[in-house]
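Inside the fold
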Amino acid sequence: MKYPFTEVEKKWKKRWEDNKTYKTDLTNLEKALYTLVMFIYPSGSKLHIGHWYNYAPTDSWARYKKLRGYNVFEPMGYDAFGLPAENYAIKTGIHPQDSTFQNIDDIREQLKTMGCMYDWDAELMTCVPEYYKWNQWLFIELYKKGLAYRKNAPVNWCPSCQTVLANEQVQSSGTCERCDTMVERKNLTQWFFKITDYADELLDGLKTIDWPEKTKTMQENWIGKSFGTEVKFGVVGHQDKEIRVFTTRPDTLFGVTYVVLAPELDLVQELKQSNKIFSKDQLSKDKQTLISKLQTNNVLMEETTRDLRQFHSNNSIKTEQTNFIDDSNNIYYLYENFPLTQDLLSEVFEYPLTTIRSILKIVANNNYEDIKNKFKKRTNRINTDLAVLEKCENKKQSRRISNYIKKSSHLSEIERTSTVKEKTGVFTGAFAINPVNGEKVPIWIADYALATYGTGSVMAVPAHDERDFEFAIKFNLPIRKVILEQGTDENAELTEAFTNSGIMINSAQFNGTDSVEGKSTITDWLSENNNGEKKINYRLRDWLISRQRYWGTPIPIIYCDKCGEVTVPEEQLPVKLPYDVNFKHDGASPLAGNVEFVNTTCPKCGGHATRDVDTMDTFMDSSWYYLRYLNPKFSDGMFDTKLGDDWTPVDMYVGGAEHATMHLLYARFIHKFLRDIGLVNSDEPFKRLIHQGTITNNGAKMSKSKGNVVNPGSFIEEYGSDVFRMYLMFMGPYELGGDWSDKGIVGVDRFVQRAYTLFENNENLGKTVSATIKFEMDKLSPIEKSIYQLVNKTLAKFENEIDNFRFNTAVASLMELNNGLKELSECSNEMKLFALERFAVMLGPLAPHMAEECWSMLGNEKGLYDNPIWYDIDENALVQESVTIVVQVNGKVRAKMDLQLDTDEAKVKELAWSDDKVKNHTDGKIIVKEIYIKNKIYNIVVR
RNA sequence: GCGAGGGUGGCGGAAUUGGUAGACGCGCUAGACUUAGGAUCUAGUAUCGAAAGGUGUGGGGGUUCGAGUCCCCCCUCUCGUACCA
């Protein structure tokens, strides 16, 4: 008879449910094992094969552990808050709460068809007040410890939808996912969690957990700890200001030719304002006279920006700068007090400064005093120092800066930081002072400097940094080599940035130092002179948790005119999410529209106050749900701390690799925080982590929007859930995933049919024969012996494979066993029972319904999972008595010999040489050597 | 660009420490049983060759008695990441 999966599945599901087979006794800590799979987002679409691929094999692992006597806790729940439900509401008008509850009901039913051993008493959902109350409580705890704070931060804002978008809703083109409008960045005051306080611990903890190396590396990079130096640059004309830059290459400090500020920095605004542009008549009489003289004397340089920068950077020139606008709306920079040094004069001569050159030409060959005198005569300056006038390239320099800042604010984070984008920037007109040599370098703003990293200011060393090099080339800024690559010419021009270590040059007293050593030498020098210090920087940013959205946990903060920011008192929690809300976007958080919600009284003074109208990031929910599962109905706290201590860290956690740096980092942070406030006694939430691979469809990720989702429905109907789950496991390595194809499912089905028939043919065997634990191999027939060995071998293999999530080879080993049991009919009933008992038990984790049925067909009264059982291996049966020894000639296989294990070399040699093929290949050749690897190979080397 | 992981028959994929490459399954071929076969069973199936014997794990080089496995260079695919100073 064909395996009647419909009846069998129904029968066992009912029995499991009636017997509460999968209800875990959490007070029993002997061999306690917490297996967890990332909980499900209850969307309107059905469970697809991706969910099955995630959950079913994990359940098989848990079942295996259960059969081995572990007290396994395997819960399932719903990550029920979030954007999709709200977007769905905007589209259809169905309230997120209604659709979510409906979806949860549907999904629960679908999950049950899988036949996983979830403890349904532990089921939880995050969108109910009993759950999110504790998000709020946790928020307040963080707040009390100074780890929750508010600051102004940019969000992705769609001007057309009038709403805030999550990063993943912004397309790579920088447009809105829904309406294709260009997304803007808008500053809003928002809540942050200070995860950065835990940066070091999050980094160190990685060493203690059994996670995929790849994931740990990703977290490591994400945290991005980097050791460097913070250097203080002065600002010309602003004694009170300084620019701090972070660098990992203090050894290149002498190569700084400009400084870059991120456009968002407050300092940029100040510099812009301080570099005020005067109208010409606002200037002093003296200056006006000077300007006219410079203009009439034609000491006006039309194309001199580049050359001026050269002056500034190559020489320690201290000038006074005045910006003004003339009657024809041209902007000029007037630099006074250029010291007319010999250096400058010779330098000037190098560049096509037509005007100055024409002046200096006259005096080129004269001595310094002559030059001074002649220059004085020519310009009618009393002062012998040079004044120069630079015409601004762009008439609207100031506006240019503003425009640039505005423009970069329009770019999304993704777009701005795209490396393929060409570098942009604008000169501020201001100069910074390099502390190491007093050199003046121009200050630029450019969006390749990120306000969110380090100080937001960068010292640019084009010669030794790729980005700076690219920028310098584009804007014609000087490139000064200060690290010499070994074996290269000091004067050779660089065609690309040299970023490795070398010998320091052009670095005054540090010349000749190895650049690696130079890092600390220079840093020490800076510290001594109070110009900088050692500094550690992190790439990790604080966790922005505010969402200008409805379907989430309300932030438990009240704003009072008198008392300011006040937390909601614990006894007033939860702050319930009101049902009646216009969640259609109107430019603000939907909760802002609910007057009843917003208006409240201040818990401190009783006066009028308003509530925070934002909700929390849903990663908050998933940061501690594994603790709540232990008792979702617990009301005396976030979770039962006794159970938390007993059952966490989670022994096995399975979920997608896409959560590597978000969820998995946040949960670790929260866990550590909970430890610090005494709620858990462990450092890490998840001891062991496995990522399932992704199942693609024709190479594309399955998604509802693409319409390429494969539903398991038809396969379940045709083959049953056990065959389907086993096929998913058989497809390939679990952690790799792969492209979906149903081509091989018939193979698994055939295997199941054959196995079922085998049990059918031996029905009630256990009632007539008593079970044997161990056989004396000498007393077995050859067939019995080989079956006995195969069964034991399979057990050993199977255990190892399942333990390590290698389900494909575990299934294969059972198929091999099944093939090997073809001759079972020729065995004694004792041997039959021995083999079939073990076969049924091994089927248990992979095909739970079928295995229960087979197990009961043998005559067992108690179910496999009600009375878990696993068999010991007879080690004697694993010992091979004979072994195939391969005879090679020059590494090529020429003969194979079946010999007793541990046959001695002389005997092997004799047999090897008696083989005809071996003779053929060695005749007439010189024997160089012979190698014998015991029980494996006999290799003859000839020439 | 950088980081990680892959590339093995017609296909999905096996191969503890270097030691018989291709387990298991699909597909295919032949046969058996059948009124029938998209059921089941049996045998075969890397490739060239009639055979002997060659050749074979992306390509090239190397180490070794022996390399899918170790080392160097290159090609290619997938994933992650995106100017982190």
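Not measured: the values here are computed from a predicted model.

In terms of helices and strands, chain A carries 32 helices and 37 strands. With 943 residues in all, chain A has 54% of them scored as buried. Long-range contacts, defined as pairs at least 24 residues apart, comprise 73% of the intrachain contacts of chain A with a sequence gap of at least 6. A total of about 42,100 Å² of accessible surface is found on chain A, and carbon and sulfur atoms cover 47% of it.

The next point concerns the nonpolar core. Proteins that are soluble and globular tend to have nonpolar side chains buried together. Residues Phe139, Leu142, Trp543, Trp624, Leu674, Trp740 and Phe839 are the most contacted members of the largest nonpolar core, which totals 187 residues. In this structure Leu142 touches Leu147, Ala148, Phe193, Met620, Phe669, Ile670 and Phe673, once residues within four positions along its chain are discounted. Core analysis: the next-biggest nonpolar cluster, separate from the first, contains 47 residues, Val268, Ala430, Phe431 and Val436 among them.

We now examine unusual backbone geometry. Following Leu573, the chain continues to Pro574 via a peptide bond in cis, the omega torsion being 0°. Tracing the chain through its elements places Pro574 in the loop between β25 (564-567) and α18 (595-598). Cis geometry is adopted by the peptide bond preceding Pro649, which originates at Thr648 and carries an omega value of 0°. Mapped onto the elements of the fold, Pro649 is located in the loop between α20 (641-647) and β29 (650-654).

Applying the stated criterion across every chain yields a total of 41 salt bridges. Its salt-bridge partner being Asp683, residue Arg675 comes within 2.8 Å of it at the nearest N-O pair. With relative accessibility at 19%, the residue Arg675 sits in the buried group.

So, on to the sheet that holds strand β33 (residues 737-739). Reading across the sheet, the 3 strands line up as β32-β31-β33 and stay open at both edges, with mixed pairing between neighbours. Each of the sheet's edge strands pairs with one partner strand only, and the pair in question is β32 (700-701) and β33.

Considering the arrangement of structural elements, one finds Asp651 in strand β29. One polar contact links Asp651 to Lys687, side chain to side chain, over a distance of 3.2 Å.

Before going further, it helps to examine the pairing of strand β1 (residues 32-37). For a regular strand, the rule is simple: side chains alternate between the two faces of the sheet. In terms of burial, β1 is a largely internal element, 5 of the 6 residues being buried. Two elements, β1 and strand β2 (residues 71-73), share 3 bridges in a ladder whose sense is parallel. When the sheet's bridge partners are listed, Leu33 is paired in β2 with Val72. A crossover links β1 with its parallel partner β2, the connecting element being helix α2 (residues 49-67), and its sense is right-handed. Two elements, β1 and β29, share 3 bridges in a ladder whose sense is parallel. Bridging across to β29, Val37 finds its partner in Val654.

One open sheet accounts for 4 strands, arranged β2-β1-β29-β30; its pairing is parallel. Sheet topology places β2 and β30 (686-690) at the edges, where each strand pairs with a single neighbour. On average, each strand axis in the sheet is inclined to that of its neighbour by 25°, with strand direction left out of account.

Our next topic: the environment of Gln888. Within the secondary structure layout, Gln888 lies in strand β34 (residues 882-889). A relative accessible area of 13% means that Gln888 is categorised as buried. When near neighbours in sequence (up to four residues on either side) are disregarded, Gln888 contacts Val893, Arg894, Ile937, Tyr938, Asn939 and Ile940.

Attention now moves to the pairing of strand β8 (residues 226-235). Burial runs high along β8: 8 of the 10 residues are buried. One ladder, built from 7 bridges, connects β8 with strand β9 (residues 238-247); its direction is antiparallel. Each bridged residue has a counterpart across the sheet, and for Thr229 the counterpart in β9 is Thr247. Hairpin connection of β8 to β9: 2 residues between the antiparallel strands, including Gly237 at a positive phi of 80°.

Moving on, we come to the environment of Lys892. Position of Lys892 relative to the elements: it lies in strand β35 (residues 892-900). Considering only alpha carbons, one finds Lys892 and Leu591, 301 residues apart in sequence, at a separation of 77 Å.

Let us look at the packing of helix α26 (residues 782-803) against helix α27 (residues 807-820). Where α26 contacts α27, the axes come no closer than 8 Å and their chain directions differ by 170°. Here α26 lies roughly antiparallel to α27, going by the angle between them. Of α27, the residues touching α26 (which contributes Ile787, Leu790, Val791, Thr794, Lys797, Phe798, Glu801 and Ile802) are Phe807, Thr809, Ala810, Ser813, Leu814, Glu816, Leu817 and Gly820. Looking at the contact of α26 with α27 residue by residue, the classes come out as 9 nonpolar, 4 polar and 3 charged.

Let us now look at the packing of aromatic side chains. Tallying each qualifying case throughout the model produces 54 aromatic pairs. Ring geometry for Phe254 against Phe510: centres 5.9 Å apart, planes inclined by 55°, an arrangement best described as tilted. Within this pair, whereas Phe254 is found in the loop between β9 and β10 (258-261), its partner Phe510 is found in the loop between β20 (503-504) and α17 (515-528), the two being separated by 256 residues in sequence. Both residues of the pair, Phe254 and Phe510, belong to the buried class. Between the aromatic rings of Tyr727 and Trp740, the centroid separation amounts to 5.9 Å while the plane-to-plane angle is 75°, which identifies the pairing as edge-to-face. Of this pair, Tyr727 sits in helix α23 (residues 721-730) while Trp740 sits in the loop between β33 and α24 (745-760); the two residues are 13 residues apart in sequence, bridging distant segments of the chain. Owing to a relative accessible area of 10%, Trp740 belongs among the buried residues under this scheme. By the ring-pair criterion, three or more aromatic residues cluster together here, those being Phe139, Tyr143, Trp191, Phe193, Tyr198, Trp543, Phe619, Tyr666 and Phe669.

Take the state of the cysteines next. Scanning the entire structure with this criterion turns up 0 disulfides. A disulfide-free cysteine, Cys854 has its sulfur positioned 18 Å from the sulfur of Cys827, the nearest such atom. Judged by its relative accessible area of 0%, Cys854 is buried.

Parameters at a glance
Residues numbered from 1 in each chain as written. Chains lettered and ligands numbered in written order. Predicted model: local features only at pLDDT ≥ 70, side-chain atom pairs only at ≥ 80, totals over all residues. Heavy atoms only, no water. Helix = DSSP H or I, 4+ residues; strand = E, 2+ residues; numbered from the N terminus. Buried < 20%, exposed > 50% of the residue type's maximum accessible area, 1.4 Å probe, protein only. Contact = heavy atoms within 4.5 Å. Areas by Shrake-Rupley, 256 points an atom, 1.4 Å probe, with all protein chains shown as cover. Core = buried A, V, L, I, M, F, W, Y, C linked by side-chain atoms within 4.5 Å. Salt bridge = Lys/Arg side-chain N within 4 Å of Asp/Glu carboxyl O. Pairing = 2+ DSSP bridges. Polar contact = N/O pair within 3.5 Å; in protein donor to acceptor, adjacent residues only side chain to side chain. Right-handed = clockwise from strand over helix to strand, strands pointing away. Axes fitted to C-alpha atoms, helices over the stretch in contact; angles between N-to-C directions. Parallel < 35°, antiparallel > 145°, perpendicular 65-115°, else oblique. Nonpolar A, V, L, I, M, F, W, Y, C, P; charged D, E, K, R; others polar. Phe/Tyr/Trp six-rings, centres within 6.5 Å; stacked < 30°, edge-to-face > 60°. Disulfide = S-S within 2.5 Å.

Keep in mind that these numbers describe shape and distance, not what the molecule does.
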